[in-house]
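Okay, here's what each chain looks like letter by letter:
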Amino acid sequence: MSRAARQFFFFPFLTTLGNDDYTPHKGMTEYELLNIYLLTKVKDEKIILTESLLASISEVMSSVVAVDVEQENFMELGSYLHRTSPAIMELRVTENAPANATEILESLSTNIQHAKELVAKCSSGARSIMDDELKNIIEQLEGVINDIGEALSKIPPSTFHNHEYAETAIRSLSREMRNARFQENGIQQSDMVETKLENLSLEEKESSEEKSLVAISNEEPRRLGSQKDETPRLVDFLKGMYYGAHENNSHSFSTLPQLAEYIEPLYETFFCPLTKRIMDDPVTIESGATYERRAIAEWFEEFKDGSEALVCPITGMKLQSRVLNTNIALKTTIAEWKERNEATRIRVARTALSLAASEAMVLDAIRDLQILVRKRRYNKEQMHNIGITKLLTQFLEHEDLRVRCEALDILRLLVEDEDGKDIIAKTKAIAETIKMLSSNHSSERHASLSFLLELSKSELLLENIGSTAGCILMLITMKYNESTDAFAAEKAAETLKNMEKCPKNIKRMAQNGLLEPLLTHLVDGSEEVQMEMASYLGEFVLEHDMKTRVAERTSEALIKMVHSGNSLNRKAAFKALVQISSHHPSSKTLVDAGVVPIMIEEMFTRRIHNEPMDSKEEAAAVLANILECGIDPESLQVNKHGHTITSHYSIYNVAHLLRCSMPDELNVNLIKILLSLTKLPKPFVTVVSVIKEAEVCHTIIEFLNSPMEELTIAAAKLLITLSTHMGHTIAEGLCKTQGQPESLIMAFDANRITKKHAVSVNLLAKLPYQSLTLNLAIVEQDIVPIILNRIRDIQKGETRATRYASIYLEGLVGILVRFTTTLYDPEILHMAIEQNLTSVFTDLLVRTAGSDEVQRLAAVGLENLSSHSVNLSKPPEIMRSKRKSFLAKWFSLGSQKDGRRGKRIQLCPVHRGACSPATTFCLLESKAVERLMGCLEHENPKVVEAALSAICTLLDERVDVEKSVEVLSEVDAVRHVLGVLRDHREDGVWQKSFWVIERFLMRGGDRDTSDISNDRVLPSALVNAFHRGDSSTKQVAENILRHLNRMPNFSDNLVK
């Protein structure tokens, strides 16, 4: 036989080795080829034996499931045999095979075969077994496990090539199996506990060495290399799983997915000779060899040009045919093996996740699951069933960013079916995912968004997602930040779109600024959806710019809903219209849409059987909002007859509704409508006329006693507005109403001043001052001391300040001022003297609590009181001398002795009698003059005018004007008045200023005359008043000009 022939003869045997060391090459001698052949036979025997063992183990593991009796013991047997498989595979592939390898394998084969027979006896199809026989079988099972453990203990340490983990795992498994004890109904607990304790101590010992013994890669999983024997070794098996690194010809398994790929017993026939990978589509060619279809097809392509003969790549046989025949049997076997292998890999990954010994272990397990879940749907179902889906949610809280991201990715795949979503619904995964939306890492944000998007495809989870705090707000923010993160914006938009299927989420979106879904569903949705959207729209407060957009989009749809006969739809539409109309620009949109006639019809004419009054209330609210927005009411047509909202028809119907027993909410809006109409002169007159005609005034007054604060406030405001035209009627009606007027003041919370308090006291302050009936009613109820106490409390800061405090103080002072107009009544005069109102008003000139109106009212009160001083100041009788004021000491008419005690009584130089602040309201004695002079420097012309009016009472003809001029000169009155002319241009201020100046020119001294004559502003002011002032101002200006010799004195010419 030739050398080439002999090489061809040995070629099939040599190629089965799969190792480059045994590959024949040119130059080998016949002896070398024979030696290789003999080595091949030895190795083939070991391979055949190990494959037989692995196949037997698989059969036993499949059979134990069908055992009806002692299931726990038989399952324990299957578990031990499964854990023995890696040791058998290690003996098969290791380069350091021990001399006793064949002996060990044969021992294992004997015991496994025995176990196989015992399992067959107890299978479901076997005959019934007596108790004694069953007990004997259990004892034999125990012996089988002990013997297998003994066989494993014979593997020498050199086999593991210094891989301590492998040796530790084998020793631990051997010890556990040798100590295993079986009994009926399960393994003995005492022995198991002992074994576990031993293993625990061993594991603790090993844990410190883990980092140095196992190299863990964080790179993406790398698939198998080109060598067909790259199967996991025992060195990689730890704690019941493959893990670690296998080195063979520079190829290594660095991650769990690689190591776990071939956990099930593997057969050489599964590998394609060309690719050295497990085949997916095995085909057989003419030579009888089997290959992967794609690989052999590529081999055939190389011989396409016909330059070389087509041969089988393994056998070297020349081929005549290119036909590829599917190897159905092998293909089926591989498919079944893959299913079993993938199921085992899933269990391995679950164990790795449960242990979570390191981030690398967790990452490898998750990545292997990602591969498996993509392969077949069944793998996903199995992961659900054995709890992997639920277990993975725990890693969303892991401290490692990569773990969290990988967990999100695998969960996204697992929840593509409804079963996965159901599992997630029972965990905290949604809340944890939403937290990740705010992560600083884009990879985590993107992964959480992708997972959330998948979850949002289930309507059952939409409520859960939307109700999680911050979810919708963050999604909306991401949606509108497309320039910052386009991926996040796209995913957030898709998620929000899915979430619209839950109506409550639409509401939440609107509350967080995304109105479009609500508006779209309100306009285009079904009747039920429209009702729900309109209800949401009426519940929450919109920003003003939102209301405008809502009005533009929904006004027509809401009006159609109002016209519908469905009470629920109408109610929802009305609430939405009330909300929208509260913004002025939105009201204009509603008017253009034709809402006013519909609201008027609803209020005046529409009647629906058994429908509550809510629609009338809300129609009135919409109309009130529209009128308050500033639209010209005369342009608002209310019906086809040409009536407008300002016509007698409309106002009378509103007033008529007020007279009827309507709900308080409706009355509030009716009053608001009337208040809005009083802002224009013509409608104001109509409102007053209708109220008098319909006798509604008393009804409005009675609203002041309503427990509803808003109605009380609205009624008080309307009465204040009407007081200028029918104030006395209101005052009389108020006195005839039970509990009034005292309740307007008595109802007060000392800790807080409200709008109701402020409006109530201002109603009493605004009614005609001369209403003696009202003034006496207040005095007789002994309310004045209460008013004074509250003024003092506000001045001292003992009442909590609110935005209504100043208005409330103004009202209280206004009530006091009203008494100064009816001092002719003895009871009121007695009250004014008793309460020393002069000192009260003098104090209020400076302690105003920041209110100009308080200062003005105080000056008005002093003016009114001072005008009565002449009548109250009488020549002194025998009385005790009183303390003299500064001014009175210098300017007294004289003195008179008290006949009984010989004391001198000081007389008032102005009023020519005995004066005091309390009894005669004398401004000199109360030291009010100096404070009034200070008011002349105020920037508010109304305060200045009131102060001038009070000063003018000291220059009246009824008093001693010359003495008054002397008194006022001492406080530089002329200088202050001339300053008023420089700072103010109001007619009332000028008229009073000119009148004071005229008095000083006529009765004052040379200094006053000089100051007046030398003032540079006065002449121009006089000329201006002479040309443009009213008749009285013009007359006073003319008199002053004559005094200043700037106009001729016609009376002097006539005399001459």
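Residues numbered from 1 in each chain as written. Predicted model: local features only at pLDDT ≥ 70, side-chain atom pairs only at ≥ 80, totals over all residues. Heavy atoms only, no water.

- The name an unreviewed UniProt entry gives the protein chain is RING-type E3 ubiquitin transferase, with Phoenix dactylifera as the organism.
- Annotation of the protein chain in UniProt includes, under Catalytic activity (unreviewed entry), the sentence "S-ubiquitinyl-[E2 ubiquitin-conjugating enzyme]-L-cysteine + [acceptor protein]-L-lysine = [E2 ubiquitin-conjugating enzyme]-L-cysteine + N(6)-ubiquitinyl-[acceptor protein]-L-lysine."
- Taken verbatim from the UniProt record of the protein chain, the Pathway (unreviewed entry) comment is "Protein modification; protein ubiquitination." (UniProt positions renumbered as here; feature names shortened; annotations may be inferred.)

### Let's talk about the overall build of the protein chain
- Of the regular secondary structure elements, the protein chain holds 53 helices and 11 strands.
- Within the protein chain, buried positions represent 52% of all 1056 residues.
- Contacts spanning at least 24 positions in sequence make up 69% of the contacts within the protein chain whose residues lie at least 6 apart.
- For the protein chain, the accessible area works out to roughly 49,100 Å², and carbon and sulfur atoms hold 49% of it. (Helix = DSSP H or I, 4+ residues; strand = E, 2+ residues; numbered from the N terminus. Buried < 20%, exposed > 50% of the residue type's maximum accessible area, 1.4 Å probe, protein only. Contact = heavy atoms within 4.5 Å. Areas by Shrake-Rupley, 256 points an atom, 1.4 Å probe, with all protein chains shown as cover.)

### Here's the deal with the nonpolar core
- Counting residues in hydrophobic clusters, the biggest one holds 183 residues, and the most contacted among them are Leu816, Phe841 and Phe994.
- A total of 12 residues in this core trace back to one element, the largest contributor, which is helix α34 (residues 709-736).
- One finds Ile410, Val415, Cys502 and Leu514 within the second-largest nonpolar core, a separate group that totals 52 residues. (Core = buried A, V, L, I, M, F, W, Y, C linked by side-chain atoms within 4.5 Å.)

### A few points about the packing of aromatic side chains
- Taken as a whole and assessed by the stated rule, the structure comprises 4 aromatic pairs.
- Their ring planes at 90° and their centres at 6.2 Å tell us that phenylalanine 604 and tyrosine 649 sit as a pair that is edge-to-face. Of the two residues, phenylalanine 604 sits in helix α28 (residues 595-604) while tyrosine 649 sits in helix α30 (residues 648-659), which places them 45 residues apart along the sequence.
- Between the aromatic rings of tryptophan 990 and phenylalanine 994, the centroid separation amounts to 5.9 Å while the plane-to-plane angle is 55°, which identifies the pairing as tilted. With a gap of 4 residues between them, tryptophan 990 and phenylalanine 994 both fall in helix α49 (residues 987-1003), about one helical turn apart. Across the pair, exposure class does not vary: tryptophan 990 and phenylalanine 994 are buried alike. (Phe/Tyr/Trp six-rings, centres within 6.5 Å; stacked < 30°, edge-to-face > 60°.)

### Re the environment of arginine 958
- Here arginine 958 lies in the loop between α46 (941-952) and α47 (961-970).
- The residues contacting arginine 958, other than those within four sequence positions of it, are Ser867, Val870, Asn871 and Arg912.

### Topic: the sheet that holds strand β7 (residues 282-284)
- The strand order across the open sheet built from 3 strands is β8-β7-β9, with neighbouring strands paired in antiparallel fashion. Two strands in the sheet have a free side with no partner beyond their single neighbour: β8 (290-292) and β9 (325-326).
- Sheet topology places β7 next to β8; 3 bridges connect them, and they run antiparallel. By the bridge assignment for β8, proline 282 is matched with glutamate 292.
- In the packing of helix α10 (residues 293-302) onto the sheet, the strands contacted are β7, β8 and β9, and the crossing angle to β8 comes to about 95°.
- Its contacts with the sheet place helix α11 (residues 328-355) against β7, β8 and β9, and it is angled at close to 160° to β7. (Pairing = 2+ DSSP bridges. Axes fitted to C-alpha atoms, helices over the stretch in contact; angles between N-to-C directions.)

### What about the environment of cysteine 952?
- Tracing the backbone through its elements, the reader meets cysteine 952 in helix α46.
- Put simply, cysteine 952 and tryptophan 995 are 43 residues apart on the chain and 8.2 Å apart in space, counted from C-alpha to C-alpha.
- Those residues in contact with cysteine 952 that sit more than four places away from it in its chain are Lys992, Trp995 and Val996.

### Considering the packing of helix α45 (residues 928-935) against α46
- Between α45 and α46, the shortest axis-to-axis distance is 8 Å and the interhelical angle comes to 145°. Helix-helix and strand crossings are classified by hand; for α45 and α46 the assignment is left-handed. Residues Leu932, Met933 and Cys935 of α45 pack against Val943, Val944, Ala947, Ala950 and Ile951 of α46.
- Per-class residue counts for the contact of α45 with α46 are 8 nonpolar, no polar and no charged. (Left-handed = near helix turned anticlockwise from the far one by under 90°. Nonpolar A, V, L, I, M, F, W, Y, C, P; charged D, E, K, R; others polar.)

### A word on α34
- With 28 residues, α34 extends just 22 Å between its outermost C-alpha atoms, more than 12% less than the 40 Å of an ideal straight helix rising 1.5 Å per residue.
- Of all the bends in α34, the greatest measures close to 115° and is centred on methionine 726. (Expected span 1.5 Å × (residues − 1). Bend = angle between axes of the 7 residues up to and from the residue.)

### Topic: the side chain of threonine 848
- Among the structural elements, threonine 848 can be located in the loop between α41 (837-844) and α42 (852-866).
- Note on threonine 848: relative accessible area 13%, which makes it buried.
- Dropping the residues within four chain positions of it, threonine 848 is found in contact with Leu809, Val854 and Gln855.

### What about unusual backbone geometry?
- Proline 741 follows glutamine 740 through a cis peptide bond whose omega is 5°.
- The residue aspartate 782 is not glycine, and still its phi comes out positive at about 55°.
- Here aspartate 782 lies in the loop between α37 (772-780) and α38 (784-796).
- Look at alanine 849: it is not a glycine, yet its phi comes out positive at around 60°.
- Assignment of secondary structure puts alanine 849 in the loop between α41 and α42.

### Side note on the environment of arginine 1046
- In this fold, arginine 1046 is placed in the loop between α52 (1031-1043) and α53 (1050-1055).
- Once the C-alpha coordinates of arginine 1046 and proline 1019 are considered, the two residues, 27 residues apart in sequence, prove to be 8.7 Å apart.

### Examining the packing of α41 against α42
- Look at α41 against α42: their axes get within 8 Å of each other, and the N-to-C directions meet at 150°. The orientation of α41 with respect to α42, classified from their angle, is roughly antiparallel. The handedness of the crossing between α41 and α42 is left-handed. Residue-level inspection shows Leu837, Thr838, Phe841, Thr842 and Leu844 of α41 in contact with α42, the latter providing Val854, Gln855, Ala858, Gly861, Leu862 and Leu865.
- Residue composition of the contact of α41 with α42, by class: 7 nonpolar, 4 polar and no charged. (Parallel < 35°, antiparallel > 145°, perpendicular 65-115°, else oblique.)

### Considerations on the pattern of salt bridges
- One pass over the full model with this rule turns up 36 salt bridges.
- The salt bridge involving arginine 402 is made with aspartate 400; its shortest N-O contact spans 3.4 Å.
- Residue arginine 402 is classed as partly exposed on the basis of its relative accessible area of 34%.
- Taking relative accessible area as the criterion, aspartate 400 reaches 16% and is therefore assigned buried.
- Several salt bridges converge on common partners, so that one network encompasses Asp281, Arg293 and Lys331. (Salt bridge = Lys/Arg side-chain N within 4 Å of Asp/Glu carboxyl O.)

### Points about the confidence of the model for the protein chain
- Counting all residues, the mean pLDDT for the protein chain is 80, and 81% of those residues have values of 70 or more.
- For residues 1-26, every residue scores under 50 in pLDDT, and the model assigns this stretch 35 contacts once sequence neighbours within four places are set aside.
- Every residue in residues 1051-1056 scores below 50 in pLDDT, and together they form 0 contacts with partners more than four places removed in sequence or on other chains. (pLDDT = per-residue confidence, 0-100.)

### Considering the side chain of glutamate 454
- Along the chain, the position of glutamate 454 falls in helix α18 (residues 442-455).
- With relative accessibility at 11%, the residue glutamate 454 sits in the buried group.
- Within the local environment of glutamate 454, its side chain forms a polar contact with the side chain of lysine 457, the two groups lying 3.2 Å apart.
- Filtering out sequence-adjacent residues up to four positions away, glutamate 454 remains in contact with Arg412, Val415, Glu416 and Lys421. (Polar contact = N/O pair within 3.5 Å; in protein donor to acceptor, adjacent residues only side chain to side chain.)

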